[in-house]
Amino acid sequence: MKKTRAFLKWAGGKYSLVEAITARLPRGRVLVEPFVGAGSVFLNTQYDAYLLADINPDLIDFYNLLKSEPERLMQEARALFIEANNQRDAYFELRDAFNLCSDKRTRSALFLYLNRHGYNGLCRYNRKGGFNVPFGKYKRPYFPEEELWAFAEKAQRATFICECYSSTFSRLEEDHVVYCDPPYVPLSSSANFTTYAAKGFSLDDQALLARLARHTVQEKQLPVLISNHATPLTYELYRGALLDEIQVKRTISRSITGRNKVGELLALYLPGMVFDDHHPIP
């Protein structure tokens, strides 16, 4: 089966891991993603329905507009993909316009422009909520029309919600399956790329997510799959789950020579696991 690419460039996107993830996702009627990101898992699975959440309002606004009025949104976004806008000064002017804009459609069109013209597919905001990714210096940024239409079609089976991951967990019902792709635990003190939202994603959040997964399995008997960097911390956080470590190539490093393979941990929580002192008993 041919894989479908997301239309967004996305640091930590799961396109290269789709096969490994889908092989571990249990069956169910609804796939729930509290951290939908660029949506590669959503695009490459076949559930009856999807509940897709993210704390980034720009992302969710874009998805809802793409679902409801794809042609109009694409027309406005396409107009920004011209040679005159692929210059540093134009980029910063449009970035400023995005940060000052309150119209959802215009802001969404600018969001796609910034994603395709900004550095390395990063989506990053400062503490005041301003988008602050630098110019990417690409020769010819690609307007992903085919990918946008594929997403818009699949989106008819999805509900998109802007909220915190803990709120999404509170929505879980029978026949739901959960996949979590949170901002990752940093591999080192100089490799922290979790400033995705203005408030970031703390180590307390990492621990709370693991606790929510255990609670979901124990109290609601629903399966949860989590992906993260393979580190001593994540092995401890997910201790007792079914753990698989696979090697993946990371493309977020500033140095090409630094883009080595790193361990990716997939932690699967399944109904029937018994917990003692907050950890499953083998």
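Summary of the structure given here. Computed from a predicted model, the values in this text were never measured in an experiment.

Definitions and limits used
Residues numbered from 1 in each chain as written. Predicted model: local features only at pLDDT ≥ 70, side-chain atom pairs only at ≥ 80, totals over all residues. Heavy atoms only, no water. Helix = DSSP H or I, 4+ residues; strand = E, 2+ residues; numbered from the N terminus. Phe/Tyr/Trp six-rings, centres within 6.5 Å; stacked < 30°, edge-to-face > 60°. Buried < 20%, exposed > 50% of the residue type's maximum accessible area, 1.4 Å probe, protein only.

Right, let's talk about the environment of Pro70 for a bit. Position of Pro70 among the secondary structure elements: in helix 4 (residues 70-78). In this structure the C-alpha to C-alpha distance between Pro70 and Phe151, which are 81 residues apart in sequence, comes to 9.6 Å.

Time to look at the packing of aromatic side chains. In total, this model carries 22 aromatic pairs according to the counting rule given. Measuring from ring centre to ring centre gives 5.7 Å for Phe35 and Phe201, while their planes differ by 80°; the resulting arrangement is edge-to-face. Of this pair, Phe35 sits in the loop between strand 1 (30-33) and helix 2 (40-43) while Phe201 sits in the loop between strand 4 (176-180) and helix 9 (203-220), placing them 166 residues apart in sequence. Phe201 matches Phe35 in its accessibility class, with the two residues each being buried. Both rings, one in Tyr91 and one in Phe135, keep their centres 5.4 Å apart while their planes meet at 50°; by these two values the pair is tilted. Separated by 44 residues along the polypeptide, Tyr91 in helix 5 (residues 88-100) and Phe135 in the loop between helix 6 (104-117) and helix 7 (145-154) bring together distant segments of the chain. In this structure Tyr91 comes out as buried when scored by relative accessible area, which is 0%. For Phe135, a relative accessible area of 10% puts it in the buried group.

Read these as geometric descriptors, not functional statements.
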